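The lines below spell out each chain.
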Amino acid sequence: GEKTTTKNKNEEKKKNRKKRLGHCLELYGGVGTIGLHLHDLFDSLESSDENPYNKDCFEASVASIMINGKPLKESKQNKITYRSQSATEMVQGSRGRAGLHGASVVIVDPPRKGLDKEVIDALCDDYTIEQQQHKTKFGSPSQALVYVSCGFDAFRRDYDSLVG
């Protein structure tokens, strides 16, 4: 009957739902172009950049996201946030380390000069903590770092610091 059909539809929806990857932290995010294109892969997205003028553009982009011709639900919009802070500010202090530690994926898109030393240090420290605890609060075995580079020399230097 009616109950069986509704139950079957709900089970089918659950099967078709994508498994989300937890929390994504985007550093050096500019107006959020990369993170916003990946938002549907995550439970939440926090993007940041030191340019305070980027926030209005980011928020306008979030408000204009359409899924299957419908605006993004407000509950999902509320899980996409922007902070007008530098990458260094985002990873410093207990709040910064907690944000970094809670991210299952960290996206960095630094300027040509590469990552700030404090960001490299925080990423390396956080990875060591994760290795000791074997999983993040989202249950993933370790974090993923997505590094988008427009300066190969800086990328090579940062790579050596991060994995060396």
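Everything below is about the structure printed above this text.
Please read all numbers here as calculations on a predicted model, not as lab measurements.

Participant: I'd like a rundown of the overall build of the chain, residues and numbers included.
Facilitator: Secondary structure summary: the chain contains 8 helices and 7 strands in total. Across the 164 residues of the chain, 37% fall into the buried class. Taking as baseline every contact in the chain between residues at least 6 positions apart, the subset at least 24 positions apart corresponds to 66%. Of the roughly 10300 Å² of accessible surface on the chain, 52% is carried by carbon and sulfur atoms.

Participant: I'd love a proper account of the pairing of strand 2 (residues 44-48), names of residues and values included.
Facilitator: Within strand 2, 5 of the 5 residues are buried, leaving the element largely enclosed by the surrounding structure. In this structure, strand 1 (residues 23-27) lies alongside strand 2, joined through 4 bridges in parallel fashion. Looking at the pairing, Glu 26 lines up with Ser 47 of strand 2. Bridging between strand 2 and strand 5 (residues 80-83) involves 4 bridges; their strand directions are parallel. Looking across to strand 5, one finds that Glu 46 is bridged to Thr 81.

Participant: Outline the pattern of salt bridges, listing residues and values.
Facilitator: One pass over the full model with this rule turns up 6 salt bridges. For the salt bridge of Arg 83 with Glu 46, the shortest nitrogen-to-oxygen distance reads 3.0 Å. Taken as a pair, Arg 83 in strand 5 and Glu 46 in strand 2 lie far apart in primary sequence, 37 residues in all. A relative accessible area of 10% places Glu 46 in the buried class.

Participant: Describe in detail the packing of aromatic side chains, supporting the description with residues and values.
Facilitator: The tally for this structure, following the rule as stated, stands at 4 aromatic pairs. A ring pair is formed by Phe 152 and Phe 155, whose centres lie 6.3 Å apart and whose planes are at 40°; its orientation type is tilted. Highlighted residues: Phe 152 and Phe 155, both in helix 8 (residues 152-163), separated by 3 residues, approximately one helical turn. Consider the rings of Phe 155 and Tyr 159, whose centres lie 6.2 Å apart with planes at 40°: the pair is tilted. Separated by 4 residues within a single helix, Phe 155 and Tyr 159 lie in helix 8, roughly one turn from each other. Using a relative accessible area of 26% as the deciding quantity, one classes Phe 155 as partly exposed. An aromatic cluster is defined as three or more aromatic residues linked by ring pairs; in this entry it consists of Tyr 147, Phe 152, Phe 155 and Tyr 159.

Participant: With reference to specific residues and values, describe the sheet that holds strand 2.
Facilitator: One open sheet accounts for 5 strands, arranged 5-2-1-6-7; its pairing is parallel. With partners counted over all chains shown, the strands left at the sheet margins are strand 5 and strand 7 (144-147), one partner each. On average, each strand axis in the sheet is tilted by 15° relative to the strand beside it, whichever way the strands run.

Cut-off values and rules
Residues numbered from 1 in each chain as written. Predicted model: local features only at pLDDT ≥ 70, side-chain atom pairs only at ≥ 80, totals over all residues. Heavy atoms only, no water. Helix = DSSP H or I, 4+ residues; strand = E, 2+ residues; numbered from the N terminus. Buried < 20%, exposed > 50% of the residue type's maximum accessible area, 1.4 Å probe, protein only. Contact = heavy atoms within 4.5 Å. Areas by Shrake-Rupley, 256 points an atom, 1.4 Å probe, with all protein chains shown as cover. Pairing = 2+ DSSP bridges. Salt bridge = Lys/Arg side-chain N within 4 Å of Asp/Glu carboxyl O. Phe/Tyr/Trp six-rings, centres within 6.5 Å; stacked < 30°, edge-to-face > 60°. Axes fitted to C-alpha atoms, helices over the stretch in contact; angles between N-to-C directions.

Function cannot be read off these values alone, since they describe shape.
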